[in-house]
Amino acid sequence: DAGVIQSPRHEVTEMGQEVTLRCKPISGHDYLFWYRQTMMRGLELLIYFNNNVPIDDSGMPEDRFSAKMPNASFSTLKIQPSEPRDSAVYFCASSQGATNEKLFFGSGTQLSVL
Amino acid sequence: DAKTTQPPSMDCAEGRAANLPCNHSTISGNEYVYWYRQIHSQGPQYIIHGLKNNETNEMASLIITEDRKSSTLILPHATLRDTAVYYCIVRVSGGSNYKLTFGKGTLLTVNP
């Protein structure tokens, strides 16, 4: 298995622009998580899905952030409009849920908002 | 989930055992201890988890004290590639709560 695949690997954009991050979870995994990592705040859980349904989005910082999972093999995290304080590494992770407690993380997307 | 306390950094000589401590004095009976690590510029990687018995896998061993208030992750023969931030996390297994909350972890530096 190729693991969790995230794209793009790096994204540089200007303030006010829309940013879309993409994630392909491991096949067969029914949980998908979006995390954000910064030096100041460490790793923060933004939102997670179970069977494509958002379960907990309490970590989403504000309305500028939205996440979707249209099917079991694809999820997006969108920021519109982006701001410099959104600069961070965004990780996607997946797991097999109740029978397997391991989270498998992607390589992350390094986002820089200028 | 119970809170964990880890030293911010540790050093280890290559080839020697690395013993990473974690305190979780408020752990409850149904909470597991999980260990993840994050190598620079990569996503976190699962290492091991356990409830009360000691656990061993191909990566590491997990020793949990009898009162479960602390644990130690052991890398038996550390290599330079084991240099990473190691996170100790306590959470309930299963159920409806799938949040995995990462603290600041321990930066382990393996020296040649």
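The numbering scheme is per chain: residues are counted from 1 as the chain's sequence reads. For naming, the first written chain is A and the first written ligand is 1, with later ones following in the order written. Reporting in this predicted model follows two pLDDT cut-offs: at least 70 for local features of residues, and 80 or more for side-chain atom pairs to be given and counted; totals over whole chains, interfaces and linings ignore these cut-offs and use all residues. As a rule here, side-chain values come from all non-hydrogen atoms in the structure, and water together with hydrogens is ignored.

(A) The arrangement of the overall build of chain A in detail. Of the regular secondary structure elements, chain A holds zero helices and eleven strands. Helix and strand assignments come from DSSP, with helices taken as H or I runs of at least 4 residues and strands as E runs of at least 2, each series counted from the N terminus. Secondary structure of chain A in N-to-C order comes out as β-β-β-β-β-β-β-β-β-β-β. For the radius of gyration, the atoms used are the C-alpha atoms, and the globule rule reads 2.2 Å times the number of residues raised to 0.38. Its C-alpha atoms give chain A a radius of gyration of 13 Å, near enough to 13 Å, the size a compact globule of 114 residues would have. Projecting the C-alpha coordinates of chain A onto the three principal axes gives extents of approximately 40 × 25 × 25 Å. Sequence separation of at least 24 residues holds for 54% of the intrachain contacts in chain A that already meet a minimum separation of 6. All accessible areas in this document rest on Shrake-Rupley with a 1.4 Å probe, and a residue is counted as covered only by the protein chains that are shown. For chain A, the computed accessible surface area is about 5,600 Å², with 49% contributed by carbon and sulfur atoms. In chain A, which carries 10 positive and 13 negative side-chain charges, the distance between the mean positions of the two groups comes to 4 Å. By definition in these notes, contact holds between two residues if any of their heavy atoms fall within 4.5 Å. Only four residue types enter the charge count, namely Lys and Arg as positive and Asp and Glu as negative; His and the chain termini do not. For this purpose, a charge sits on NZ of Lys, CZ of Arg, CG of Asp or CD of Glu.

(B) A look at the packing of aromatic side chains. Aromatic rings from Phe, Tyr and Trp, with only the six-membered ring used for Trp, were paired whenever their centres fell within 6.5 Å, and each pair was classed as stacked if the ring planes differed by under 30 degrees, edge-to-face if by over 60, and tilted otherwise. All told, the structure shown has twelve aromatic pairs over all chains when counted by the stated rule. Seen from their ring centres, Phe105 of chain A and Tyr36 of chain B are 6.4 Å apart, and the 80° between their planes marks the pair as edge-to-face. Separated into two different chains, Phe105 of chain A in strand S10 (residues 104-105) and Tyr36 of chain B in strand S3 (residues 31-38) make up a pair that spans both. Tyr36 of chain B carries the same exposure label as Phe105 of chain A, and that label is buried. An angle of 80° between the planes, with centres 6.0 Å apart, marks the rings of Phe105 of chain A and Phe102 of chain B as edge-to-face. Placement of Phe105 of chain A in strand S10 and of Phe102 of chain B in the loop between strand S8 (84-92) and strand S9 (106-111) is noted, with the two residues assigned to different chains. Each member of the pair, Phe105 of chain A as well as Phe102 of chain B, carries the same accessibility label: buried. Ring pairing ties together the aromatic residues Tyr35, Phe91 and Phe105 of chain A together with Tyr36, Tyr46, Tyr87 and Phe102 of chain B, which thus form one cluster. Under the scheme applied here, a residue whose accessible area is under 20% of the maximum for its type counts as buried, over 50% as exposed, and between as partly exposed, the area being computed with a 1.4 Å probe on protein chains only.

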